[in-house]
Amino acid sequence: MEVSRHWRLQAQRYQLVGETCDSCGVKLFPPRDVCLECEAPAQELYTFTGLGEIYSYTTIYDAPAGFEHNAPYMVALIKLEEGPLVTAQLTDMDPSEAQIGMPVEMVTRKLRTDGEEGMIVYGYKFRPAVKELTAV
Amino acid sequence: MNVSIIGLGQTEVKEMWDTSIRHLAWYAIEAALDDAHISKVDALYVGNMLSGELSQQNHLGALVADFAGMRGVEAVTVEAADASGGMALRQAILAVKSGLVETALAVGVEKMTDQTGSAVTAAMAYGLDADYEAMQGLTLAGMGALLMRRYMFEHGLDVADFAGFSVNAHANGAANPLAMFRNRLKPERFASAPLVADPVNLFDMAPAADGAAAVIVTSREKAMDMVPQPVEIAGSAVATDTIALHDRRDVLWLQAAATSVQKALAQAGVTTEEIDLFELHDSFTVLAALSLEAAGFAGRGEGWMLARDGEIGRNGRIPISTFGGLKARGNPMGATGMYQIVEVARQLRGQAGECQVEGAKVGMAQNLGTNGATAVTHILRVAE
Ligand SMILES: [Zn+2]
């Protein structure tokens, strides 16, 4: 049922495609067409490296519909190396390992399922970094 | 502002399995009409967040007007997540101020218990960014947790350092017959409560429940003739911020809250020192701390100290959550902002019973949508 809603976000979900502002040069994720910093048009696509660090994090015990079978699971604010924060699940790690400042990298995983035969939504999550941060 | 409050009504806040959304709204409206000694108004604003999702019922303006015996009256739903209640009052004030509407009623109503469990948790997250927050499994509690963790990190705090907010809320709720929780909370129990979204626990997060509250406003001149104790709307302001926490330039600064307070103070011609009580949006203790900072009652990173030092109690420097706040009175999402207004007005009328802040003349209420993406601030004053 909500297929188109997820399909149109596939570049963001699978590849972290955001934007660069032509005016002030800031990089934006999620893409928003009007620059968050200078309010100029920002429509040049930019693919983020997927590297960053944990800015804040939580373990969610009381899960919403569609996420019950994952609970408990971790959600974090990730500070991408290009600057923006992104909200994403943490994966491949134990809650006790998480700490603010920890280097992480983007991977593609299953985000949610709608019942036994429902749609499965895939998208970005972040795991402890294997790669080194690149200089941007 | 030349707009005054002439009627107040509210229901208990709790799980009311035998009461529908239309009945909840009607009970609050009936009480407000009785309080104002009138039977009709010229416009009706219904603050609500979740009736479409939880009760399969939209179109609350017509539904509530119909059920309240006001068929024919102008009526509409106002939605701004958990700021819907405060925003409904804002629309009522604008209507009266415009001169097109003589008397307006704003009612906040939320029926949380038509569904249970994960469906309610999902619905409560509808005020977040659906594509980029909720789709990652973030919940309202998770949002509170991300704020709280970062606040603790930047200011070197433990969970127990937030206990004072919930202890104060429960102490005040214990004196409010309409409150959901009327038990006192021992500070040492705070940090060990079951986790909802680490570090947010059950004693940190306000409980969702059913409830409705209503306020009737009219012009100041008319109010003087109608009721013995009109309460003036001295300031009314709304501001917005990025909907997603991750788009904030500064995650731990509630800019919309700060902007709306500054505007409302300027309208009222008062400073924060003249505010006798502050009904703030304590859906999470960290939001109480951040709201105190944004309003100017504490420096950055110091809002929690007001709770630690007993400054937020009934006799403290800035009493907050005087009837229990969201935490102990309970949080009927789209109705919460209207409870805040009813509570401030009762304080100014001297009708707060055991919850009374002695000599209260000027009170402020601030209703936030989720993380402060919407902030609605009202300043009320005893009519001169
Ligand atoms: Zn720009």
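Here's a quick rundown of the structure.

Parameters and conventions
- Residues numbered from 1 in each chain as written.
- Chains lettered and ligands numbered in written order.
- Predicted model: local features only at pLDDT ≥ 70, side-chain atom pairs only at ≥ 80, totals over all residues.
- Heavy atoms only, no water.
- Pairing = 2+ DSSP bridges.
- Helix = DSSP H or I, 4+ residues; strand = E, 2+ residues; numbered from the N terminus.
- Axes fitted to C-alpha atoms, helices over the stretch in contact; angles between N-to-C directions.
- Contact = heavy atoms within 4.5 Å.
- Expected span 1.5 Å × (residues − 1).
- Donors = N, O, S within 2.8 Å, 3.2 Å for Na, K, Ca; no water.
- Tetrahedral: all angles 85-135°; square planar, octahedral: opposite > 155°, others 65-115°.
- Buried < 20%, exposed > 50% of the residue type's maximum accessible area, 1.4 Å probe, protein only.
- Buried area = accessible area lost by both parts, 1.4 Å probe.
- Salt bridge = Lys/Arg side-chain N within 4 Å of Asp/Glu carboxyl O.
- Polar contact = N/O pair within 3.5 Å; in protein donor to acceptor, adjacent residues only side chain to side chain.

## Examining the sheet that holds strand E2 (residues 43–47) of chain B
All names here are of chain B.
- Spatially, the nine strands line up as an open sheet ordered E3-E2-E4-E7-E1-E8-E11-E10-E9, and their pairing is mixed. Strand pairing shows two members of the sheet lacking a second neighbour, strand E3 (74–78) and strand E9 (277–279), which therefore form its edges. Mean inter-strand twist for the sheet, computed between neighbouring axes without regard to direction, equals 25 degrees.
- Relative to E3, E2 is paired through five bridges, and the arrangement is parallel. Opposite leucine 44, over in E3, you have alanine 75 as the bridge partner.
- The strands touched by helix H1 (residues 21–36) within the sheet are strand E1 (3–10), E2, strand E4 (103–110) and strand E7 (211–219), with E1 carrying the most contacts at an inclination of about 130 degrees.
- Relative to E2, helix H4 (residues 84–98) is tilted by about 160 degrees, and along the sheet it contacts E1, E2, E3, E4, E7, strand E8 (231–240), strand E10 (362–369) and strand E11 (374–382).

## Considerations on helix H10 (residues 255–268) of chain B
All names here are of chain B.
- For H10, which comprises 14 residues, the first-to-last C-alpha distance of 20 Å matches the rise-based estimate of 20 Å (1.5 Å per residue) to within 8%.
- In this fold, the buried residues of H10 make contact with E8, helix H11 (285–295), E10 and E11.
- Residue glycine 269 follows H10 closely and has a positive phi angle near 65 degrees.

## A closer look at the coordination of the zinc ion
All names here are of chain A.
- For the zinc ion, the full set of protein donor atoms is Cys21 (SG), Cys24 (SG), Cys35 (SG) and Cys38 (SG), and the range of their distances to it is 2.3 Å.
- For the zinc ion, the four donor atoms in the first shell make angles of 101 to 116 degrees at the metal, so the coordination geometry reads as tetrahedral.
- Between consecutive donors of the zinc ion, the numbers of intervening residues give the motif C-x2-C-x10-C-x2-C.

## Things to note about the pairing of E2(B)
Residue and element names in this part refer to chain B.
- Buried residues dominate E2, accounting for five of its five residues.
- Residues Ala43, Tyr45 and Gly47 of E2 are buried on one face, and the alternating residues Leu44 and Val46, pointing to the opposite face, are buried as well.
- One ladder, built from five bridges, connects E2 with E4; its direction is parallel. Within the sheet, the bridge partner assigned to glycine 47 lies in E4 and is glycine 108.

## Concerning the interface of chain A and chain B
- Listed per partner, the contact involves 38 residues of chain A and 31 residues of chain B.
- Counting the surface lost from both chain A and chain B, the interface buries some 3,100 Å², and carbon and sulfur atoms represent 57% of this.
- By the criterion of area lost to chain B, the three top residues of chain A are Tyr55(A), Thr87(A) and Ile100(A), representing 17% of everything that side buries.
- Across the pair Arg32(A) and Asp247(B) runs a salt bridge whose closest N-O atoms are separated by 2.9 Å.
- The interface formed by chain A and chain B contains 20 residue pairs in polar contact (both at pLDDT 80 or more).
- The set of elements that each furnish at least two residues to the side of chain A that touches chain B consists of helix H1 (3–7), helix H2 (10–15), strand E6 (51–60), strand E7 (73–80), strand E8 (85–90), strand E9 (103–113) and strand E10 (120–128) of chain A.
- Looking at which element gives the most residues to the side of chain A that touches chain B, the answer is E6(A), with six residues.
- Across two bridges, the pairing between E6(A) and strand E5 (residues 195–198) of chain B is antiparallel. By the bridge assignment for E5(B), Ile60(A) is matched with Ala197(B).

These values are about where atoms sit, not about what they do.
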